[in-house]
Amino acid sequence: MEAPFPAPGRTITVKSFLPGSGNEVIELCRPMDSRLEHVDFDCLFRCLSVCHLIKVFASLLLERRVIFVADNLSTLSKCAHAVVAMLYPFTWQHTYIPVLPASMIDIVCSPTPFLIGILSCSLPLLSDLPIEEVLIVDLCGNKFIQQLSDEDDILPHKLQAALVQIL
């Protein structure tokens with residue numbers, strides 16, 4: 001308890017005296033925190049303005065349904081991975097499909113929270129489906145195709161201002 005908390009990847013040695021056992025040396029190694037190691041936040045910030053990103057972040061915190069739309073697979077997967085990583089220390093516990101094949105587009109009708117990515121060519125298929133209360137984000141156009149219109153009020157304005165400064 002008296003030893004300092006080790007930095008990620010570092011080992012500390014704790015010496016203790018136990019009655020009847022004598023001196024004991026214990027080595028404790030703190031694992032490297034690799035959750036954010038391979039996350040491409042640059043792609044996310046290139047695709048979405050900070051204002052839009054905060055609205056997406058807030059929607060995911062409320063466990064809403066979010067659909068990302070982009071022209072290519074790499075943008076979808078990088079942005080989906082980055083936005084889920086931004087939730088740290090929370091984790092996304094619901095349906096997460098970074099790239100949904102067009103043949104499975106019906107999944108967006110699910111009543112459960114999700115984060116799903118679809119290619120722009122599949123966007124016309126959404127108009128035929130009964131989807132409600134979904135935030136649809138166009139990553140290539142930095143805009144919302146559909147929103148619930150309360151995204152500005154999810155987080156307190158003071159917190160939003162602080163997030164804008166940090167991001």
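Conventions used here
- Residues numbered from 1 in each chain as written.
- Predicted model: local features only at pLDDT ≥ 70, side-chain atom pairs only at ≥ 80, totals over all residues.
- Heavy atoms only, no water.
- Core = buried A, V, L, I, M, F, W, Y, C linked by side-chain atoms within 4.5 Å.
- Buried < 20%, exposed > 50% of the residue type's maximum accessible area, 1.4 Å probe, protein only.
- Helix = DSSP H or I, 4+ residues; strand = E, 2+ residues; numbered from the N terminus.
- Contact = heavy atoms within 4.5 Å.
- Salt bridge = Lys/Arg side-chain N within 4 Å of Asp/Glu carboxyl O.

- As recorded in an unreviewed UniProt entry, the protein goes by UDENN domain-containing protein and comes from Staurois parvus.

Observations regarding the nonpolar core
At step 1: Among the nonpolar cores identified, the biggest contains 30 residues, and Val56, Phe68, Val137 and Leu139 are the most heavily contacted of them.
At step 2: When contributions to this core are tallied by element, the ones reaching two or more residues are α1 (41–47), α2 (50–61), β3 (65–70), α3 (73–85) and β6 (134–138).
At step 3: In contact with Val137, not counting residues within four places along its chain, are Leu48, Val56, Val66, Ile67, Phe68, Val69, Lys143 and Phe144.
At step 4: Of all hydrophobic cores here, the second largest spans 14 residues; its members include Val69, Ile105, Val108 and Ile131.

Describing the pattern of salt bridges
At step 1: Tallied over the full model, the rule gives three salt bridges.
At step 2: In this structure, Asp152 and Lys55 form a salt bridge, with 3.0 Å as the shortest nitrogen-oxygen distance. Taken as a pair, Asp152 in the loop between β7 (143–146) and α5 (157–166) and Lys55 in helix α2 lie far apart in primary sequence, 97 residues in all.
At step 3: Judged by its relative accessible area of 38%, Asp152 falls in the partly exposed class.
At step 4: On the basis of relative accessibility, which here comes to 14%, the residue Lys55 falls in the buried class.
At step 5: Here Arg64 makes a salt bridge to Asp150, at a shortest N to O gap of 2.7 Å. With Arg64 in the loop between α2 and β3 and Asp150 in the loop between β7 and α5, the pair connects residues that are 86 residues apart, well separated along the chain.

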